[in-house]
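A closer look at the structure
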Amino acid sequence: MGASEFALFFSVKEAVKGVKVMEWIQQLINGVSLGSIYALIALGYTMVYGIIKLINFAHGDVFMIGGFIGFYAMVRWDMGFIPALLLAMILCAVFGVIIERVAYKRLRNSTRIAALITAIGVSLLIEYTVVFFRGAQPEGYPDLFVEKNITILGVQISKTSILILAVSIVLMLLLQFIVQKTKIGKAMRAVSHDADAARLMGINVDNTISATFAIGSALAGAAGVIFGVYYTKVDPFMGIIPGLKAFVAAVLGGIGIIPGAMVGGMLLGVVETFVSALGFSLWRDAAAFIILILILIFRPEGIFGKNTREKV
Amino acid sequence: MLKVDDIDVYYGNIQALKGLSLEVNEGEIVTLIGANGAGKSTLLQTLSGLQKPKRGSVEYLGESIAGKAAQSIVKAGISHVPEGRRVFANLSVEENLDLGAYLRKDKEGIAKDLAHVYELFPRLLERKKQQSGTLSGGEQQMLAMGRAIMAKPKLLLLDEPSMGLAPLMVQNIFTIIETINKEGTTILLVEQNAHMALSVANRAYVLETGKIVLAGTAKELQESDEVRAAYLGGL
Ligand SMILES: Nc1ncnc2c1ncn2[C@@H]1O[C@H](COP(=O)(O)OP(=O)(O)O)[C@@H](O)[C@H]1O
Ligand SMILES: [Mg+2]
């Protein structure tokens with residue numbers, strides 16, 4: 001260990017000592033709730049990758065659109081949080097299917113790089129279309145709670161965190177139910193494993209892929225709204241960084257693996273929050289990318305992945 | 001029941017089937033034998049809608065099905081058990097069987113057929129909650145066949161069901177093929193194991209590089225010198 005590492009080690013140790021247990025619990029809850037936003041976005045990345053092997057770089061922009069729909073619904077049209085959330089999910093689902101049908105469907109048999117470039121193009125198109133119609137300025141989200149925190153067993157927790165966590169957990173349970181128990185969920189798993197064999201069952205592969213985009217985009221839409229609630233603002237480029245982080249979360253969990261995206265997202269949220277809590281808030285965004293580099297070097301298949309998995 | 005007339009099928013510029021014709025009558029077991037690369041799988045894929053013929057016609061129960069989507073062909077009553085089983089490894093045995101009945105809505109009929117599949121293949125019942133990727137090759141073949149039966153087909157297409165299986169398992173699979181046929185399902189059986197295939201079939205075709213070169217009753221082909229020399233190891 002060199003001198004500078006020593007210094008870093010001690011400053012981390014000092015920082016850890018400075019934060020009390022209760023505060024740690026608080027930070028953990030904050031981390032998990034932030035992480036659940038990443039997880040919701042990561043699920044769409046991972047489901048789409050699982051079924052058509054495409055990294056949908058426009059996914060972060062669907063998230064952004066969700067954030068704006070939530071804003072307009074709550075501020076301009078006076079809707080409550082839950083109706084706004086549902087509206088954002090429905091419209092994003094439709095939007096996701098349109099993107100898939102217009103931009104990606106015809107590229108199914110072309111090279112991966114062509115599809116990837118298209119995805120980046122779609123991403124830019126969405127961002128600048130939003131800027132064109134309403135400008136690049138941010139919009140402020142309303143405060144949902146007058147009293148910001150509640151105290152449970154001596155731990156102060158922000159109500160926003162609890163709300164985000166509750167919404168995410170409900171959506172993830174719902175997703176698990178759809179994927180594991182319903183007919184369309186089984187079809188999605190079948191198509192992601194072997195599309196031709198799925199055709200032989202009479203499964204309509206195109207519709208199944210669209211359903212995957214619809215579900216993934218609805219989750220991103222929901223994430224956009226709760227992100228707006230968490231950070232209290234939305235802007236046309238808000239999807240870029242969370243989108244990249246969610247991508248990291250998906251890779252961390254093992255791309256294509258649904259529980260992997262959930263765990264990867266939560267883990268990333270906790271790591272980021274702890275990095276900030278320790279006083280390294282400037283390193284917060286870097287944490288995700290350091291994790292990405294480490295995972296690509298040491299375990300490219302991700303936490304839940306089998307080591308035979310193909311990489312982009 | 002099935003009438004294939006003079007079809008050409010291409011992969012890009014490579015022609016895999018060259019003016020192929022054959023017929024399958026209701027209630028029969030018809031086998032198509034031929035070496036690796038002859039075009040057997042291509043034919044089955046064309047029948048089930050995964051490949052489209054460039055020329056020629058495919059008639060099933062009096063209707064043209066050439067170039068139709070796989071979905072509507074399954075609905076019309078043709079089920080295809082593909083080469084290499086292609087079970088959904090990430091799904092359980094029972095989920096695979098459920099997917100076999102994907103287009104059916106008759107809950108009672110499905111439950112009855114599921115019970116029947118488990119009767120035909122008791123091993124699948126024992127392993128119904130197991131991930132199908134963990135099954136042995138023979139069990140996966142059973143699952144692939146059970147899954148196809150769940151669609152309640154009138155015509156079952158089997159692509160090399162004996163491939164890679166131990167002799168005892170091959171026996172077992174062929175016995176079940178005969179049972180399925182006796183229960184009323186017509187079968188088109190593709191095999192490299194000509195010996196086994198000819199022993200269960202009524203009629204047979206021999207395919208070489210995309211063309212039918214011989215046709216006849218199974219008995220005739222078993223006795224033909226060409227077939228003996230080329231496919232029965234001179235037995
Ligand atoms: N997906 C494919 N792309 C290009 N050529 C193919 C493809 N599948 C099969 N072929 C070619 O078509 C011919 C027939 O193949 P196939 O139908 O698989 O034969 P068989 O089932 O009798 O072994 C072979 O020459 C094979 O190389
Ligand atoms: Mg073959």
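All values reported here derive from a predicted model rather than from experimental measurement.

Moving on, we come to a positive patch on the surface. Among the surface-exposed residues, Lys183 of chain A together with Lys75, Lys105 and Lys107 of chain B lie close enough to one another that they form a single positively charged patch. Positionally, Lys107 of chain B belongs in helix 4 (residues 107-120). The exposure class of Lys107 of chain B is exposed, given its relative accessible area of 72%.

Attention now moves to the interface of chain B and chain A. Taken together, the contact pairs 21 residues of chain B with 18 residues of chain A. Across the chain B/chain A interface, buried area totals approximately 1800 Å², and carbon plus sulfur atoms make up 62% of it. At the boundary of chain B with chain A, the tally comes to 3 salt bridges. Joining chain B to chain A, the criterion identifies 5 residue pairs in polar contact (both at pLDDT 80 or more).

Residue and element names in this part refer to chain B. Strands sit in the order 2-1-4-5 across an open sheet of 4 strands; the sheet is antiparallel. The open sheet terminates on both sides in strands that have one partner only, identified here as strand 2 (14-24) and strand 5 (63-64). Pairing of strand 1 (residues 2-11) with strand 2 involves 7 bridges; the strand directions are antiparallel. Pairing of Ile7 across the sheet is with Leu20, part of strand 2.

All names here are of chain B. Inspection of every chain in the model, using the stated rule, returns 1 cavity of 30 Å³ or more. By volume, the largest cavity is sized at about 40 Å³. Going through the elements one at a time, strand 6 (78-81) and helix 6 (137-149) are the ones with two or more residues in the lining of the largest cavity.

Turning our attention to the side chain of His59 of chain A. Among the structural elements, His59 of chain A can be located in helix 3 (residues 59-76). The contact partners of His59 of chain A, leaving out residues within four places of it in the chain, are Ile41, Gly44, Tyr45, Gly216, Ser217 and Ala220 of chain A.

Residues and elements named next belong to chain A. Close contact between helix 11 (residues 258-277) and helix 12 (residues 284-298) brings their axes to 8 Å; oriented N to C, the two are set at 135°. Considering their axes alone, helix 11 and helix 12 lie oblique with respect to each other. In terms of crossing hand, the pair formed by helix 11 and helix 12 is right-handed. Contacts between helix 11 and helix 12 involve Leu268, Val271, Glu272, Val275 and Ser276 on the former and, on the latter, Arg284, Ala287, Ala288 and Ile291.

Residue and element names in this part refer to chain B. Here 6 strands make up an open sheet; going across it, the order is 6-7-8-3-9-10 and the pairing mixed. Because the sheet does not close on itself, it has two edges, and the strands there are strand 6 and strand 10 (211-217). Sheet twist, expressed as the mean angle between neighbouring strand axes with direction ignored, is 15°. With 4 bridges joining them, strand 6 and strand 7 (residues 155-159) adopt parallel strand pairing. Bridge pairing in strand 7 links Val81 to Leu158. Sitting on the sheet, helix 6 touches strand 6 and strand 7, and the angle it makes with strand 6 is about 170°. Against the sheet, helix 7 (residues 167-182) touches strand 3 (29-33), strand 7 and strand 8 (186-191), its axis set at about 155° to strand 8.

In this section: the site of ligand 1. All names here are of chain B. Around ligand 1 sit Tyr11, Ala16, Ala35, Asn36, Gly37, Ala38, Gly39, Lys40, Ser41, Thr42 and Glu83, and that is every residue in its neighbourhood. Within the contact set of ligand 1, an oxygen atom lies 3.2 Å away from a side-chain nitrogen or oxygen of Asn36. Within the backbone of Gly37, one N or O atom sits 2.7 Å away from an oxygen atom of ligand 1. Within the complex, the protein chains bury 60% of what would otherwise be the 560 Å² of accessible surface of ligand 1. Its residues assigned to classes, the shell around ligand 1 shows 4 nonpolar, 5 polar and 2 charged.

Before going further, it helps to examine the coordination of the magnesium ion (ligand 2). All names here are of chain B. Summarising the metal site, the magnesium ion (ligand 2) is bound by the protein donors Ser41 (OG) and Glu83 (OE), whose distances to it range over 1.9 to 2.0 Å. On the criterion of sequence distance, the pair formed by Ser41 in helix 1 (residues 40-47) and Glu83 in the loop between strand 6 and helix 3 (93-100) is long-range, its members being 42 residues apart. Among the residues examined, Ser41 registers a relative accessible area of 16% and is labelled buried. For Glu83, a relative accessible area of 32% gives the class partly exposed.

Each value, and the rule that gives it
- Residues numbered from 1 in each chain as written.
- Chains lettered and ligands numbered in written order.
- Predicted model: local features only at pLDDT ≥ 70, side-chain atom pairs only at ≥ 80, totals over all residues.
- Heavy atoms only, no water.
- Patch = residues over 30% accessible without salt bridge, like charges linked within 9 Å, V, L, I, M, F, W, Y side chains within 5 Å.
- Areas by Shrake-Rupley, 256 points an atom, 1.4 Å probe, with all protein chains shown as cover.
- Salt bridge = Lys/Arg side-chain N within 4 Å of Asp/Glu carboxyl O.
- Lys, Arg positive; Asp, Glu negative; His and termini not counted.
- Charge placed at Lys NZ, Arg CZ, Asp CG, Glu CD.
- Helix = DSSP H or I, 4+ residues; strand = E, 2+ residues; numbered from the N terminus.
- Buried < 20%, exposed > 50% of the residue type's maximum accessible area, 1.4 Å probe, protein only.
- Contact = heavy atoms within 4.5 Å.
- Buried area = accessible area lost by both parts, 1.4 Å probe.
- Polar contact = N/O pair within 3.5 Å; in protein donor to acceptor, adjacent residues only side chain to side chain.
- Pairing = 2+ DSSP bridges.
- 1 Å grid on protein atoms, 1.4 Å probe; cavity = no way out; pocket = protein on both sides within 12 Å on 5 of 7 lines; lining within 4 Å.
- Points joined across faces, edges and corners; volume = space filled by probe spheres on them.
- Axes fitted to C-alpha atoms, helices over the stretch in contact; angles between N-to-C directions.
- Parallel < 35°, antiparallel > 145°, perpendicular 65-115°, else oblique.
- Left-handed = near helix turned anticlockwise from the far one by under 90°.
- Near = heavy atom within 4 Å.
- Nonpolar A, V, L, I, M, F, W, Y, C, P; charged D, E, K, R; others polar.
- Donors = N, O, S within 2.8 Å, 3.2 Å for Na, K, Ca; no water.

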